[in-house]
Amino acid sequence: MKRIVFVCLAAPALLGACAGNMSMSGPSAPIADAVKVPDGHRVTMQTVGKGEILYECREKKDAMGQFEWSFVGPDAVLSDRSGNAVGKYYGPPATWEANDGSKVTATQVAISPAGTGNIPLQLVKANPATGSGAMQGVTYIQRLATQGGTAPASQCTMATKGAKETVKYQADYIFWKAS
């Protein structure tokens, strides 16, 4: 049975109406099965991450003499649905840090395409948090509603090896804890 997941990106006044679409297992609109959170977890925090992703022109690992833009890491502000900054997302390693100082790193479980020009949707399994606060007990993080963030369109060749470029992106980060 498919579970439908809906992520509310509404103004605070509309969140009450959106809450009617929430189930105990989390928000309810279609997302790829690959990035669904296993049963037994509930949404604990919903944020919008807005920032940049750094890429570097590097030689392909398995193709000597060929080059590609390689993901280096993100740098984004995490805001709540009212637009208030509640943390940041940076790396490497990929780290989500709340303003209270608690933070988690995570291991990728799955990705799913998000459309041309957008980084994929993603599901990660959180490692135990450091510090006490909002990130304590987080078990999974979903990256949904991605906009932008793909590798630069500029050439990556021997002549540009080592060049770095940033690209703008935005994504929803949904934090889950065990029920």
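Student: It is not clear to me how the environment of Gly-115 should be interpreted in this structure. Could you clarify?
Tutor: Relative to the elements of secondary structure, Gly-115 occurs in the loop between β7 (103-112) and β8 (121-126). Residue classification places Gly-115 among the partly exposed residues on the basis of a relative accessible area of 42%.

Student: What should I look at first to understand the environment of Tyr-89 in this one?
Tutor: Here Tyr-89 shows up in strand β5 (residues 85-90). A C-alpha to C-alpha distance of 9.5 Å links Tyr-89 and Gly-73, two positions 16 residues apart in sequence. Ignoring any residue separated from it by four or fewer positions in sequence, one finds Tyr-89 in contact with Pro-74, Asp-75, Ala-76, Leu-78, Ala-94, Thr-95, Trp-96, Tyr-169 and Tyr-173.

Student: What is the right way to read unusual backbone geometry from this model?
Tutor: Of all residues except glycine, most have a negative phi; of all peptide bonds, most are trans. Backbone torsion omega between Gly-91 and Pro-92 reads 0°, so that peptide bond is classified as cis. With omega at -15°, the peptide bond leading from Pro-92 into Pro-93 counts as cis. As for its placement among the helices and strands, Pro-93 is situated in the loop between β5 and β6 (95-98). Its identity as a non-glycine residue notwithstanding, Ala-145 has a phi of 50°, on the positive side.

Student: Looking at this structure, how should I read the state of the cysteines?
Tutor: A covalent bond between the sulfur atoms of two cysteines is referred to as a disulfide. The full count for this structure, using the stated rule, is 1 disulfide. One disulfide bridge connects Cys-57 with Cys-156, the sulfur atoms lying 2.1 Å from each other. Residues Cys-57 and Cys-156 are joined by a disulfide whose S-S torsion is about 100°; by sign, that bridge is right-handed. Of this pair, Cys-57 sits in strand β3 (residues 41-59) while Cys-156 sits in the loop between β9 (138-148) and β10 (164-178), and the two are 99 residues apart along the sequence. Assessed through its relative accessible area of 1%, Cys-57 is described here as buried. The exposure class assigned to Cys-156 is buried, which follows from its relative accessible area of 14%.

What counts and what doesn't
Residues numbered from 1 in each chain as written. Predicted model: local features only at pLDDT ≥ 70, side-chain atom pairs only at ≥ 80, totals over all residues. Heavy atoms only, no water. Helix = DSSP H or I, 4+ residues; strand = E, 2+ residues; numbered from the N terminus. Buried < 20%, exposed > 50% of the residue type's maximum accessible area, 1.4 Å probe, protein only. Contact = heavy atoms within 4.5 Å. Disulfide = S-S within 2.5 Å.

Purely geometric stuff here, so don't read any function into it on its own.
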